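Working through the structure, step by step
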Amino acid sequence: MIAPSLFELACRRRPVARTPVWFMRQAGRYLPEYRAVRRRRSLLQICKQPDLAAEVTLQPVDRLGVDAAIIFADLLLPAEPMGLRLEFVAGEGPLIRNPVRSRSDVEALATNHAADLGYVGEAIRLVRRRLDRRIPVIGFVGAPFTFASYIIEGGASRHFVRTKRMMYGEPALWNRLLGKLLKVLAPYAASQVRAGAAAIQVFDSWAGALSPGDYQRYVLPHSRDLIRRIGRAGVPVIHFSTGVGGYYAMLDQAGADVLSLDWRVELDKAWEAIGHRSAVQGNLDPAALFAPLPELRRQVVDILRRAGGRPGHIFNLGHGILPETPVENVKAVVEMVREFSTR
Ligand code: CP3
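So, a few notes on the structure that sits alongside this text. (Residues numbered from 1 in each chain as written. Predicted model: local features only at pLDDT ≥ 70, side-chain atom pairs only at ≥ 80, totals over all residues. Heavy atoms only, no water.)

**Points about the overall build of the protein**
- A tally of regular secondary structure across the protein gives 14 helices and nine strands.
- On C-alpha atoms alone, the protein measures out to a radius of gyration of 19 Å, which is about the 20 Å that the 2.2 N^0.38 rule sets for 343 residues.
- Of all intrachain contacts in the protein linking residues separated by at least 6 positions in sequence, the fraction that spans at least 24 positions is 74%.
- Total accessible area on the protein stands at roughly 14,400 Å², and carbon and sulfur atoms take up 49% of it. (Helix = DSSP H or I, 4+ residues; strand = E, 2+ residues; numbered from the N terminus. Rg over C-alpha atoms; globule rule 2.2 N^0.38 Å. Contact = heavy atoms within 4.5 Å. Areas by Shrake-Rupley, 256 points an atom, 1.4 Å probe, with all protein chains shown as cover.)

Here's what the structure looks like:
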């Protein structure tokens, strides 16, 4: 038997010698070695070449000394095997050329080609081999609401008007769409677990655009379904969202093992609001990484103090690392977490 990692123990709310730490978007543009790989290739090319995806996944591991790797992929990759034309446009983010707007668009979505995403599993296997069990690899999928919002809007959105119009005006079609997404996202997550992912993070990045009542009525049942199905694959599930300050307790009802908190809430209060029933991840403001070291240290120590040494805290940001972030500050946070959480 190999001892479970700090990260896996914390996901299961078991005591650990120190708080594990990793960062959302720890691979990416703030790293010069990522920019060097990216210079000659598109984001999709990197994702689809397991060797390159593995290399980029490992870059922050080698440089920062984090306690987990997250596989380099994108939330929207499953759009392609569903028949959607996905592109990433510089400065704009993801674009879907044929967005899902009508009943016939929903009916046209294919749900039986999840195996086309096999390159992600391949990359996870390569990362695992190269890590030689030093640290675990986290897999991830989009949550039904966030995924649906991208393929309905056709890209990023401020007000989610098209998404909400379908949700409110055609609830049967909305449920049909989210049901179809589940048919792809659940097996895709399971394939990542088979490839060796030690946990799956479900990204509901835009859940905070919903009122608590709308979340409960239109989204919670689908998220709960997805999380239950991933849990059956046998690994902990981390449920990420932002801007949901008012209703972490409701998100917790979706059943994940770990709730990822953003910086708009105080970690101790949000943890208390869910009765400490789940582990928590977070919750440093990504912009704090631009602060002078004493201020950064103050914020890191404040989060650790609020976690209070209670089993089940994974240190992370409240959202992903921003592109211009100074690498040495990210590394400094890893060292601070080690220094101030060792028990
Ligand atoms: O290190 C890691 O965290 C793994 C890699 C990762 C990427 N995307 C690669 C990527 C992860 C976990 C994601 C998830 C993702 N993708 C989310 C959920 C997390 C979140 O930030 O809320 C979302 C909403 C997407 C969709 C997406 N992809 C957007 C909105 C953008 C453009 C915005 C941006 O940051 O540029 C992308 C592009 C993208 N995906 C990049 C990376 C590293 C940008 C870098 C590049 O173009 O090379």
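**Re the pattern of salt bridges**
- Summed over the entire model, instances satisfying the criterion amount to 20 salt bridges.
- With a shortest N-O distance of 2.8 Å, E33 and R63 are connected by a salt bridge. On the criterion of sequence distance, the pair formed by E33 in helix α2 (residues 32-38) and R63 in helix α4 (residues 50-64) is long-range, its members being 30 residues apart.
- Overall, R63 belongs to the partly exposed group, its relative accessible area being 31%. (Salt bridge = Lys/Arg side-chain N within 4 Å of Asp/Glu carboxyl O. Buried < 20%, exposed > 50% of the residue type's maximum accessible area, 1.4 Å probe, protein only.)

**Quick look at the pairing of strand β9 (residues 313-317)**
- Along β9, five of the five residues are buried, which leaves the element largely enclosed by surrounding structure.
- The sheet contact formed by strand β8 (residues 279-284) and β9 spans five bridges and is parallel. Note on β9: the bridge partner recorded for Q281 is I314.
- Taken together, β8, helix α13 (residues 293-307) and β9 form a β-α-β motif whose crossover is right-handed. (Pairing = 2+ DSSP bridges. Right-handed = clockwise from strand over helix to strand, strands pointing away.)

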